[in-house]
Amino acid sequence: ESMVRLAPQAAAKTVFHSIRPCSISIKDYVARLRAYFSCSIECYILALLYIDRAMKRHPRLVPDEQSVHRLVLCALMLAAKFQDDTFYANAFYAK
């Protein structure tokens, strides 16, 4: 949430941007992902590293209220597929 508050108002739109901000807070969203994803704790750390690396490599990628949810979802899904022995198909994550 602190990264979202620091984002410049005129940040460039990326593929992670939604039309409008999500109604659920990022804290509640991550808690929901934790309940349904069943991935290891290491995946959350790895997801943060993926987001950090993506932001360093692509300075236009600035998490804000319209992009942070999708960014976390994609990073966590990628981390689960890389780190965990058991992961789900993309159709499961789409639900």
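Residues numbered from 1 in each chain as written. Predicted model: local features only at pLDDT ≥ 70, side-chain atom pairs only at ≥ 80, totals over all residues. Heavy atoms only, no water.

### Focus on the overall build of the chain
A tally of regular secondary structure across the chain gives 5 helices and 0 strands. Start at the N end of the chain and walk to the C end: the helices and strands fall as α-α-α-α-α. Considering the chain as a whole, with its 95 residues, one finds that 33% of them fall into the buried category. Restricting the contact set of the chain to residue pairs at least 6 apart, pairs at least 24 apart contribute 80%. (Helix = DSSP H or I, 4+ residues; strand = E, 2+ residues; numbered from the N terminus. Buried < 20%, exposed > 50% of the residue type's maximum accessible area, 1.4 Å probe, protein only. Contact = heavy atoms within 4.5 Å.)

### What to know about the pattern of salt bridges
Under the definition given, this model contains 1 salt bridge. Of the charged contacts, one joins Lys 56 and Asp 52 as a salt bridge, the two residues approaching to 3.2 Å between their closest N and O atoms. Of the two residues, Lys 56 and Asp 52 both sit in helix α3 (residues 41–57), 4 residues apart, roughly one turn of that helix. On the basis of relative accessibility, which here comes to 64%, the residue Lys 56 falls in the exposed class. (Salt bridge = Lys/Arg side-chain N within 4 Å of Asp/Glu carboxyl O.)

### Some words on helix α4 (residues 68–83)
Along its 16 residues, α4 runs 22 Å from first to last C-alpha, staying within 8% of the 22 Å computed at 1.5 Å per residue. All of the buried residues in α4 are Val 68, His 69, Leu 71, Val 72, Ala 75, Leu 76, Ala 79 and Ala 80. Taken down its axis, α4 places every buried residue within 160° of arc, on the same side. (Expected span 1.5 Å × (residues − 1). Arc of directions from axis to C-beta.)

### Quick word on the nonpolar core
As a rule of thumb, soluble globular proteins bury nonpolar side chains together. Membership of the largest hydrophobic core comes to 18 residues, with the highest contact counts inside it found for Leu 33, Cys 39, Cys 43, Val 72 and Leu 76. Where this core is concerned, the elements lending two or more residues are α2 (26–37), α3 and α4. Those residues in contact with Leu 76, other than ones at most four positions away along the chain, are Leu 33, Phe 37, Cys 39, Cys 43, Tyr 44 and Ala 47. (Core = buried A, V, L, I, M, F, W, Y, C linked by side-chain atoms within 4.5 Å.)

### Points about unusual backbone geometry
Even without being a glycine, Ser 38 presents a positive backbone phi close to 55°. Tracing the sequence through the fold places Ser 38 in the loop between α2 and α3.

### What about the state of the cysteines?
In the structure shown here, the tally under the stated rule is 0 disulfides. With no disulfide partner, Cys 39 has as its closest neighbouring cysteine sulfur the one in Cys 43, 4.3 Å distant. Taking the relative accessible area as the measure of exposure, Cys 39 reaches 7% and is therefore buried. (Disulfide = S-S within 2.5 Å.)

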